[in-house]
Amino acid sequence: MNNAAFEIDEAEKRRLLGELLAGRLPDDRGRFGPFGGRFVPEVLVPALDRLEEHARAALADERYHAELASLQRNWVGRPTPLCQAPRLSELWGADIWLKREELAHTGAHKINNALGQALIAKRMGAKRVVAETGAGQHGVASAAACARVGLPCVVYMGAVDVERQQPNVVRMERLGAEVRAVESGDATLRAAIDEALRHWAGDPIDTHYLLGSSVGPHPFPWLVRELQAVIGRETREQMLDQAGRLPDVAIAAVGGGSNAIGFFHGFLADEAVSIVGIEAGGTGAAIGQNAATIATGEPGVLHGSMSLLLQDENGQVQETSSISAGLDYPGVGPEHAFLRLVGRVSYRSITDNEAMEALDACSRMEGILPAVEPSHALAGARTIATERPGATIVVNLCGRGDKDMPILMRHWGQR
Ligand SMILES: *Cc1c(COP(=O)(O)O)cnc(C)c1O
């Protein structure tokens, strides 16, 4: 941590981690230690309170879980498989396992959260759902989930992204969503989140805001984590069943942090399991060249919560850069900032080129073309394999690469 106010001693680290493992974090103010909370205009507080109340009731209700479990099985395709990666293991000198989250409906983990929240929105009596999207993956998952539960869906997307991600715009529209281009601010994901929050603040009873990552004001980081925790629960059970042991290392890519936090929660209580989050190292360590928020960010508030943030000395949010749209965000979920603070999870950066090499290796060796985001986690596994030869490493393969064709064509040259 780069700010003295956020430094704590070993005893306090142990105490805070104990609180988390006991299920007492976030606390009643929505805080994970110094991170999280609600930094929002007054008009949003009743909507957040109401959402928390309904979400807690749903997550404590057997009927909600029965409906969610049935849809997860038959519509999403859960449990997603865990598979050993024999040829990558031989190439990299470790025992590599892949959690096949890319096989979930719509091609990534995002559907876990979108479906869980869409069902809650329905229970709350919402008449429509609004969502934000960057590259379009969360917009597609939200559009699909809303179609399934029968709710209209409005997706805010930065005008720049609408231009860059035409196939996903068409996909959302075919799934029945209305895509609204946001021209304000940076006209990308940050502006889209601002606009979706504004819409929700103006119509908090009839609208549910389906936020796509473990970021934003409380209760979102908690709710999204609870809905993504299915990844970690399945992986832990599958490791014990198929490998006969827990992994030495569990590793996932961190954008806002939702796939990683859901995956990590399966192993937080297992002290022998090292947990590693991988951030986008972009093209280099200088400001503006990466999206490595935990590595170089400072405490600050973005989108309603206190976390680490890429900002300059005046608190202006920095430009970010990553080959992966899903990791290209200047903030990070507050629970990741917390896990770094208490020392339970370590975070590292992987550059664009390292990720693309790992994408290529996984595709050629295992017949699986991963998305660019989890390719960062794969490259992290490769690095850790050199430090801990023979270690058993499980990687959350959180998305498939089909969406990344334009990037792959640019990177390797279009034939
Ligand atoms: C959106 C996305 C991410 C980044 O989001 P998190 O909330 O950090 O998980 C990572 N991988 C894929 C495949 C995505 O679609």
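Above this text you will find the structure in question.
As the structure is a prediction and not an experimental result, all values here were calculated from the model. (Residues numbered from 1 in each chain as written. Predicted model: local features only at pLDDT ≥ 70, side-chain atom pairs only at ≥ 80, totals over all residues. Heavy atoms only, no water.)

(A) Local environment of empty space enclosed by the protein. Inspection of every chain in the model, using the stated rule, returns 3 cavities of 30 Å³ or more. Here the largest cavity is characterised by a volume of approximately 440 Å³. In terms of lining, the largest cavity is formed by 33 residues, of which the most central are Lys110, Gly212, Ser213, Gly256 and Gly326. Elements with a minimum of two residues in the lining of the largest cavity: β5 (128-133), α6 (137-149), α9 (189-202), α11 (258-264) and α15 (372-387). Grouping the constituent residues of the lining of the largest cavity by class yields 13 nonpolar, 15 polar and 5 charged. The two domains that each donate at least three residues to the lining of the largest cavity are domain 1 (32-70 + 110-225) and domain 2 (79-108 + 229-414). (1 Å grid on protein atoms, 1.4 Å probe; cavity = no way out; pocket = protein on both sides within 12 Å on 5 of 7 lines; lining within 4 Å. Points joined across faces, edges and corners; volume = space filled by probe spheres on them. Helix = DSSP H or I, 4+ residues; strand = E, 2+ residues; numbered from the N terminus. Nonpolar A, V, L, I, M, F, W, Y, C, P; charged D, E, K, R; others polar. Domains from an automatic or database assignment.)

(B) Main features of the packing of helix α2 (residues 45-59) against helix α10 (residues 220-243). In the contact formed by α2 and α10, the axes pass within 10 Å of each other and the chain directions differ by 25°. In terms of their interaxial angle, α2 and α10 are classed as roughly parallel. Pair α2 / α10 crosses with left-handed handedness. Across the interface between the two elements, Leu48, Leu51, Ala55, Arg56 and Leu59 from α2 touch Phe220, Trp222, Leu223, Glu226 and Leu227 from α10. Looking at the contact of α2 with α10 residue by residue, the class counts come to 8 nonpolar, no polar and 2 charged. (Axes fitted to C-alpha atoms, helices over the stretch in contact; angles between N-to-C directions. Parallel < 35°, antiparallel > 145°, perpendicular 65-115°, else oblique. Left-handed = near helix turned anticlockwise from the far one by under 90°. Contact = heavy atoms within 4.5 Å.)

(C) Up close: helix α8 (residues 166-174). Along α8, the positions that sit buried rather than exposed are Asn168, Val169 and Met172. For α8, the arc enclosing every buried residue in end-on projection is 105°, short of the 170-degree limit, so these residues lie on one face. Facing away from the buried side of α8, by more than 90 degrees, are the exposed residues Pro167 and Arg174. Tucked into the core, α8 has its buried residues touching β5, α6, β6 (153-158), α7 (159-164) and β7 (178-182). Positive backbone phi, approximately 95°, marks Gly176, located one or two places after α8. (Buried < 20%, exposed > 50% of the residue type's maximum accessible area, 1.4 Å probe, protein only. Arc of directions from axis to C-beta.)

(D) Looking closely at the pairing of strand β4 (residues 95-99). Of all 5 residues in β4, 4 are buried; the element is thus mostly enclosed. Bridging between strand β3 (residues 82-84) and β4 involves 3 bridges; their strand directions are antiparallel. In the strand pairing of β4, Leu82 is matched with Lys99. In the sheet, β4 pairs with strand β14 (residues 392-396) via 5 bridges, with the strands oriented parallel. Looking at the pairing, Ile96 lines up with Ile393 of β14. (Pairing = 2+ DSSP bridges.)

(E) Quick peek at the sheet that holds β6. Strand order in the open sheet formed by 4 strands is β7-β6-β5-β8, and the pairing between neighbours is parallel. Each end of this open sheet is capped by a strand with a single partner; those strands are β7 and β8 (207-209). Neighbour to neighbour, the strand axes of the sheet diverge by 25° on average, direction disregarded. One ladder, built from 5 bridges, connects β6 with β7; its direction is parallel. Bridged to Val154 within β7 is Glu178. Contacting β5, β6, β7 and β8, α9 crosses the sheet at an angle of about 160° to β5.

(F) Local environment of the pattern of salt bridges. Per the stated rule, a full pass over the model turns up 28 salt bridges. In this structure, the salt-bridge partner of Arg382 is Glu357, at a minimum N-O distance of 3.1 Å. With Arg382 in helix α15 and Glu357 in helix α14 (residues 352-366), this pair connects stretches of sequence that are 25 residues apart. By relative accessible area, which is 36% here, Arg382 ends up partly exposed. Overall, the relative accessible area of 45% leaves Glu357 in the partly exposed class. Connected via shared salt-bridge partners are Arg38, Asp49, Glu52 and Arg56. (Salt bridge = Lys/Arg side-chain N within 4 Å of Asp/Glu carboxyl O.)

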